[in-house]
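Below, each chain spelled out in residue letters.
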There are 2 protein chains.
Amino acid sequence: MKLIDDFYALIPAGGSGSRLWPVSRKSRPKFLYDFLDSGQTLLQSTYDRLAGLAGEGHVAVGTGVKHVGPVLEQLPQLVEENIFAEPVGRDSTAVIALAAAVLARRHGDEIVIGSFAADQIIRDRHAFAGSVREAVEVARAGYVTTIGIAASRPSTAFGYIRYGHSLADEIPSAPSSYTVRQFVEKPDAQTAQAYLMTGEYRWNAGMFVMRADVLLNALAEFRPDLFARISRIADAWDTPERDSVVSQQWEGIEKIAFDYAVAEPLSERGGVAMVPGGFGWDDIGDFNSLAALLPSRTNRNLKVLGDADNVISRDSAGDIVVSETERAVALLGVDDMIVVDTDDVLLVAPRARSQEVKQMTAQIAKEGREDLL
Amino acid sequence: MKLIDDFYALIPAGGSGSRLWPVSRKSRPKFLYDFLDSGQTLLQSTYDRLAGLAGEGHVAVGTGVKHVGPVLEQLPQLVEENIFAEPVGRDSTAVIALAAAVLARRHGDEIVIGSFAADQIIRDRHAFAGSVREAVEVARAGYVTTIGIAASRPSTAFGYIRYGHSLADEIPSAPSSYTVRQFVEKPDAQTAQAYLMTGEYRWNAGMFVMRADVLLNALAEFRPDLFARISRIADAWDTPERDSVVSQQWEGIEKIAFDYAVAEPLSERGGVAMVPGGFGWDDIGDFNSLAALLPSRTNRNLKVLGDADNVISRDSAGDIVVSETERAVALLGVDDMIVVDTDDVLLVAPRARSQEVKQMTAQIAKEGREDLL
C-alpha cells in the first residue's frame, strides 16, 4: 500500500478505562491490553493501521510519562523521538497541539496530522485506510477533518456529528466528504433515537485529520494561552532545554478536549469537514460492551476473554469471563454475570452493573486500596 | 476434667464433602479444613473434645490410606497404633467394627467404644462431655447408645430418632436416658415438620457409644460375614500378617452404614438407648449451611471464611465468600451468591444452588478435569 508522504499520525494513548477494572489498571490502561484475543493490544493494532498509511517513521504516540516504558515495550519499532510524554494529563488538545507544533518544526507547516485514539476497535483496515486517505485530501484543502462513524444504535455513550453540505464539487478527490454542521455532546436516549431517525448524524470517534498550520492558526485564535505555552515547549523540544521548558509550561496548560477547543468553534464558521467511515468501529466502554464484541463459547452465550478451556459452566447463560490466570473458573447457575479473574483481584458483578464498576474503583480508592487500582 | 478409664473414642474420618468443592477436595476432605476460622480443623476439634474425655492414648482415627499422612500431620499427638487405615471405603460399620475388635483384643471385651464423625461442629464442649459421660453409663448397662440432637428446624438433611421409654429408673446414673423406639431416615419436609410438632424426635448425628462385646455380638448376629472378616483382620492386626490379611479380607466386606447394620435392627428389640444432647451441633452440608454458621461481616449479611479485609463489597447482600488466596475479592451488586477463591479453582454460584455443587463436581469429572476435584 502506498504511503501518504506528507501525513503524520498521532496516537494519544491516555485514559484509565476504570469501567474495565481490574483488567484495566493505572499501570496498564486499556490501550495496553488485548481485549479481543487478537494477538495484539489495542495500541499495537492502532499503530499498525497507521504505520501502513503514514510509514513507520511518521507515527507518534502521546502518553503519560509513566506509560512511556510499556508503550516502547509494546512498540519497539516506534521512533523514540516521536514519543510525546506528558508529565500530567492535560486532555487531548494539549497533546495534539504539541505533536503538531513539534512535527511542523521538523517537517514543515503544511504536513497533515491525523489523531487517532489508542483504544478503539476497527475491524476493516482497508476501509479505514480509504477513509483516512480521503480525509487527508480534505485536510489539504484546509479543513479540520473528522471521520464520522455510522451510528448503528441510539448510543448515549458517544457524541454525534451532524452533516452539513457536500464538498464533492469543491474537492473532487474527496467525493464523500461533507462539511460538519454541528458537533453534539452525548445525548440522552430519546435524543439519540431522534438523531438516528433523521439519518443526519454520525458518531464522533474523536478522529481528526488536518494541516499543522490550519490547526495551529485555529489554536492561536481560540486558545491563545494554550497556543503560547505549546509554542514555547515546541521551540525547546528538540534542544537541551526541553525538560526545563516543559516543567515551566506544561502544568499551566488548560485541560480541554480537542472537540471543545477547536472542532466546535471552527465548525460554526464552516471550517470542519467529515468523511463518513464505514469500517466496523467500536469503543470498549465497559464489560457489557466488551461482551458484545466477543464470540459465544457455548450455545448459552458464554463469552470468554482468555483460555475458554478453563471455564466450566453448568446451567449458566450470558456470562462474560475474563481469565488472566491458570485457574479454572466454575460457574453454576450463574446468569448474565461478569467474572474477572486476575492475579491479585477477582471481580464479580452482574452485567447490568457494568457502568458502576467505575464507582467501585472510586470506593476502593476511598478505602485506601489504591494498590488494587 | 476426669478421664473415663474404660472409654475409647473412634473418629471415622471419611466422606469427600463434594457439596463443599472446591474447598473440600479428594486430597483434602472437609474434616481436614478449618471451616469456622477457629484455628483448628474439624478433625482437630473432634480429637480435642474426645481426648479430654478418653485421654490421648484412647483416641483412634479410622480413615482412608491416602489420608493417613494428612491426619498425622494435623494430629501429631495421635498414637500411631490407633490409626485404622482403610484401603478402600467400606462405610461406617466396617471401620467401627474393626476398631472395636482390635481395641477389645488389646484392652478387654468390656471397654466402651464411642464413635464420633470427624466433620461435625460442636459449640459447647462441656455439655458434649456431659452427654458422652451419661452415654458411657448407659453403654455399660449393655445398650448401644446414641446421642440425640435437638431438632431445631424441619431439616430434610438428617435422619431422626424417636423416643422410647425412660431408662432413669433402670440406670440411676443416666437420668435423662431413654430407649430408642425407632430410627427414621431423612424425611421429606412435610414429615420433618410433623416430627418437630410431636416433640418426640431428635436428629441422628451418627454418634454411637457401646461396649465392645455388645457391638461385636450384635454384628455376629446381624452381619455374620462382615463379623467374620473383621475378626480375621483383628486377629492379625497387631502381628506381621496384618497387611496380607487386610488385603485378603477388606475388599469383600459389605459396604453398609452402622445405622442400618446394627442400630436399626437392635432398636426393634429395645437394645438401643439415647441420651439427648444439648450442645449446639451442626453438620456443614453445603455452602448455604456454612454461611449460617459464620458471623456477618457487614450489616448486609456478608459472610467471609478467610481474610475479610480482602473482600470489598458494594451494593451486595447475603453473599458468602471463601477466600483461600491473597487475592482481593470485589463484589458489585451481587446478592446471595457463593464465591470460592482457591489457588487453582474459582467457583461462583447462587446460594440457592448450594446442593447442586455436587452435580457440578460430577460434570467436572465427566469432562476429564479430575485434577480439579
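Notes on the structure in this doc start here. Residue positions are given per chain, counting from 1 as you read along its sequence in written order. The lettering of chains begins at A and the numbering of ligands begins at 1, in the order of writing. Only residues with pLDDT of at least 70 get local features here, since the model is predicted, and only at 80 or more are side-chain atom pairs given and counted; chain-wide, interface and lining totals rely on the full set of residues. Values reported for side chains reflect all heavy atoms of the structure, with hydrogen atoms and water molecules removed beforehand.

Looking at the overall build of chain A
When you go through chain A residue by residue, the secondary structure sums to 11 helices and 17 strands. When we talk radius of gyration, it's over C-alpha atoms, and the globule rule is simply 2.2 Å times the number of residues to the 0.38. The C-alpha atoms of chain A give 21 Å as radius of gyration, which agrees with the globular expectation for 373 residues (21 Å, within 12%). If one aligns the C-alpha atoms of chain A with their principal axes, the spans along those axes are about 60 × 50 × 40 Å. Relative accessible area decides the class of each residue, using a 1.4 Å probe on protein chains only: under 20% of the type maximum gives buried, over 50% gives exposed, and in between gives partly exposed. Within the span of chain A, comprising 373 residues, buried residues form 55% of the whole. In this analysis, two residues are considered to be in contact whenever any of their non-hydrogen atoms come within 4.5 Å of each other. For chain A, contacts bridging at least 24 residues in sequence account for 67% of all contacts bridging at least 6. Accessible surface is estimated by sampling points in the Shrake-Rupley manner with a 1.4 Å probe; for residues, cover comes only from the protein chains shown. Of the accessible surface of chain A, which amounts to about 14,700 Å², a share of 46% is contributed by carbon and sulfur atoms. Helix and strand assignments come from DSSP, with helices taken as H or I runs of at least 4 residues and strands as E runs of at least 2, each series counted from the N terminus.

Thoughts on the sheet that holds strand 12 (residues 303–305) of chain B
Strands are treated as partners if at least two bridges between them are detected by DSSP. As summarised here, the arrangement of the six strands in space is 13(A)-15(A)-17(B)-16(B)-14(B)-12(B), forming an open sheet in which the pairing is mixed. The outermost strands of the open sheet, each flanked by one partner alone, are strand 13 (311–314) of chain A together with strand 12 of chain B. The average undirected angle you get between the axes of adjacent strands in this sheet is 10°. Looking at chain direction, strand 16 (residues 337–341) of chain B and strand 17 (residues 345–350) of chain B are connected through five bridges and run antiparallel. For M337 of chain B, the partnering residue across the bridge sits in strand 17 of chain B and is P350 of chain B. The sheet strands contacting helix 11 (residues 357–366) of chain B are strand 13 and strand 15 (328–332) of chain A together with strand 17 of chain B, and the helix crosses strand 13 of chain A at an angle near 130°. Only the contacting stretch of a helix is used when fitting its axis, a line to C-alpha atoms as for every element, and angles between N-to-C directions run 0 to 180 degrees.

Some points on the interface of chain B and chain A
Many descriptions give the size of an interface as the accessible area lost when the pieces come together. If you look at the interface, chain B gives 38 residues, while chain A gives 38 residues. In this description, buried area is defined as the sum, over both parts, of the accessible area (probe of 1.4 Å) that is lost when the two are combined. Interface area, chain B with chain A, both sides summed: about 3,000 Å², of which 61% is carbon and sulfur. On the chain B side of the contact with chain A, R327, L332 and L346 of chain B bury the most area, a combined 23% of that side's loss. Salt bridges, as used here, are contacts in which a Lys or Arg side-chain nitrogen is within 4 Å of a carboxyl oxygen on Asp or Glu. Remark: the boundary between chain B and chain A carries four salt bridges. One salt bridge in this structure joins D341 of chain A and R327 of chain B, with 3.7 Å as the shortest N-O distance. Distance and chemistry together define a polar contact, namely a pair of N or O atoms within 3.5 Å, with one atom able to donate a hydrogen and the other to accept it when in protein, and with adjacent residues in sequence counting only for side-chain atoms on both sides. The tally of links from chain B across to chain A stands at 20 residue pairs in polar contact (both at pLDDT 80 or more). Contributions of two or more residues to the side of chain B that touches chain A are made by strand 13 (311–314), strand 15 (328–332), strand 16, strand 17 and helix 11 of chain B. Residue classes follow a fixed rule: Ala, Val, Leu, Ile, Met, Phe, Trp, Tyr, Cys and Pro count as nonpolar, while Asp, Glu, Lys and Arg count as charged, and any other residue, Gly among them, counts as polar. Here the residues of the side of chain B that touches chain A are counted per class, giving 20 nonpolar, seven polar and 11 charged.

Looking at the relation of the copies chain B and chain A
For the least-squares superposition of copies, only C-alpha atoms count, and only for residues with pLDDT at least 70 in both. By a simple turn and slide, chain B fits onto chain A: the slide is 0.0 Å along the axis, the RMSD is 0.1 Å, and the turn is 180°. Taken together, the rotation angle and the small translation identify this as a two-fold axis. Distance from the rotation axis, computed per C-alpha, reaches its smallest value in chain B at V348 of chain B: 4.3 Å.

Some thoughts on the side chain of D259 of chain B
Residue and element names in this part refer to chain B. When you line up the elements, D259 lands in helix 9 (residues 258–267). K186 is the oppositely charged side chain nearest to the buried, salt-bridge-free D259, at an N-O distance of 10 Å. Separated by 2.4 Å, the side chains of D259 and N204 make a polar contact. Setting aside its immediate chain neighbours within four residues, D259 contacts F183, N204, F208, E264 and P265. For the purpose of charge, His is not counted, nor are the chain termini; Lys and Arg are scored as positive and Asp and Glu as negative.

Quick look at the sheet that holds strand 12 (residues 303–305) of chain A
A sheet is described by the order of its strands in space; here six strands give the open sequence 12(A)-14(A)-16(A)-17(A)-15(B)-13(B), paired in mixed fashion. Here the strands that pair on one side only, and so sit at the sheet edges, are strand 12 of chain A together with strand 13 of chain B. Across this sheet, the average inter-strand angle for adjacent strands is 10°, counted without regard to direction. Of the strand pairs in this sheet, strand 13 of chain B and strand 15 of chain B are connected by four bridges, and their pairing is parallel.

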